[in-house]
Amino acid sequence: MGGASAPRRLSGMQKQVLALYRGFLRATRSKSPDDRHRIESIVSSEFRRGARQVDRKNFLYIEYLLRRGKKQLDQLKSPDTTGLSSLHFVPPSQSMGSRK
């Protein structure tokens, strides 16, 4: 069979993450072309890294990252901000020592 299946419904948290990502991309529109390209690269790589490294069931940590990302987005929206140095995050397994 394997034909086209119905798209999977996104959870509320997944929708929030996608909205935050789109918000960052929209905010770059007001920046210079060089800054825009650099910011888009940072945002894309950080979101992809988060998708790989963050456990999808660690809701508390994802909520923390969403709050932090919203603050960073608000800073980026400021006309005085010309770029981002990084959106670096530390996965919880690394921030609290190596617990296995």
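Figured I'd write up the structure that's included with this text. All values reported here derive from a predicted model rather than from experimental measurement.

**Quick notes on the overall build of the protein**
Link 1 in the chain: Broken down by element type, the protein carries 4 helices and 0 strands.
Link 2 in the chain: Along the chain direction, N to C, the helices and strands of the protein fall in the order α-α-α-α.
Link 3 in the chain: Across the 100 residues in the protein, those meeting the buried criterion constitute 28%.
Link 4 in the chain: For the protein, the exposed area adds up to about 7600 Å²; of that, 53% sits on carbon and sulfur atoms.

**With respect to the layout of surface pockets**
Link 1 in the chain: Counted as a void, the largest pocket has a volume near 810 Å³.
Link 2 in the chain: Lining the largest pocket are 26 residues, with Val-17, Phe-47, Gly-50, Ala-51 and Ile-62 sitting closest to its centre.
Link 3 in the chain: Residue assignment for the lining of the largest pocket shows that the elements contributing at least two residues are helix H1 (12-27), helix H2 (33-53) and helix H3 (59-77).
Link 4 in the chain: Classifying every residue of the lining of the largest pocket by side-chain character gives 16 nonpolar, 6 polar and 4 charged.

**Looking at the packing of H1 against H2**
Link 1 in the chain: Between H1 and H2, whose axes approach to 10 Å, the crossing angle comes to 165°. With respect to H2, the element H1 is oriented roughly antiparallel. Between H1 and H2 the crossing geometry is right-handed. In this structure, H1 uses Val-17, Leu-20, Tyr-21, Phe-24 and Leu-25 to contact H2, whose residues at the interface are Glu-40, Val-43, Ser-44 and Phe-47.

**What about the pattern of salt bridges?**
Link 1 in the chain: Using the criterion set out here, one finds 3 salt bridges in the structure.
Link 2 in the chain: Here Arg-49 ties to Glu-46 by a salt bridge, and the two come within 2.2 Å at their closest N and O atoms. A residue pair is termed a helical-turn pair when its members lie 3 or 4 positions apart in one helix, as Arg-49 and Glu-46 do in helix H2 at 3 residues.
Link 3 in the chain: Assessed through its relative accessible area of 8%, Glu-46 is described here as buried.

**A closer look at the packing of aromatic side chains**
Link 1 in the chain: In total, this model carries 3 aromatic pairs according to the counting rule given.
Link 2 in the chain: Considering the side-chain rings of Tyr-21 and Phe-47, the 5.0 Å spacing of their centres and the 70° angle between planes classify their relative orientation as edge-to-face. With Tyr-21 in helix H1 and Phe-47 in helix H2, the pair connects residues that are 26 residues apart, well separated along the chain.
Link 3 in the chain: Accessibility expressed as a relative area gives 21% for Phe-47, which makes it partly exposed.
Link 4 in the chain: These aromatic residues form a ring-pair network of at least three members: Tyr-21, Phe-24 and Phe-47.

Reading the values: rules and limits
- Once a new chain begins, its residue numbering starts again from 1 and follows that chain's sequence as written.
- In view of the model being predicted, local features appear only for residues whose pLDDT reaches at least 70, and side-chain atom pairs are presented and counted only at 80 or more, with totals across whole chains, interfaces and linings using the full set of residues.
- To get the side-chain values, take all heavy atoms of the structure and skip hydrogens and water.
- Counting from the N terminus, the helices are DSSP H or I runs at least four residues long and the strands are E runs at least two residues long.
- Each residue is assigned to one of three classes by its accessible area relative to the maximum for its type, calculated with a 1.4 Å probe on protein chains only: buried under 20%, partly exposed between the two thresholds, exposed over 50%.
- Per-residue and other accessible areas were derived by the Shrake-Rupley procedure at a 1.4 Å probe size, with only the shown protein chains allowed to occlude residues.
- Points on a 1 Å grid, built from protein atoms alone, make a cavity when a 1.4 Å probe fits but cannot get out and make a pocket when they are open with protein on both sides within 12 Å along at least 5 of 7 lines; residues with an atom within 4 Å of a point are the lining residues.
- Grid points are joined across faces, edges and corners, and a volume is the space filled by probe spheres set on the points.
- For this classification, the nonpolar set comprises Ala, Val, Leu, Ile, Met, Phe, Trp, Tyr, Cys and Pro, the charged set comprises Asp, Glu, Lys and Arg, and every other residue, Gly included, is treated as polar.
- Here, axes are lines fitted to C-alpha atoms. For helices the fit covers the stretch in contact, and angles between N-to-C directions go from 0 to 180 degrees.
- When describing relative orientation, an angle under 35 degrees is termed roughly parallel and one over 145 degrees roughly antiparallel, while 65 to 115 degrees is termed roughly perpendicular and anything else oblique.
- For a crossing to be left-handed, the near helix must be turned anticlockwise from the far one by less than a right angle; the clockwise case is right-handed.
- In this description, contact between two residues means that some pair of their heavy atoms is separated by no more than 4.5 Å.
- When a carboxyl oxygen of Asp or Glu lies within 4 Å of a side-chain nitrogen of Lys or Arg, that pair is called a salt bridge.
- The criterion for an aromatic pair is that two Phe, Tyr or Trp rings (for Trp, the six-membered ring) have centres within 6.5 Å, with stacked assigned to planes under 30 degrees apart, edge-to-face to planes over 60 apart and tilted to the rest.

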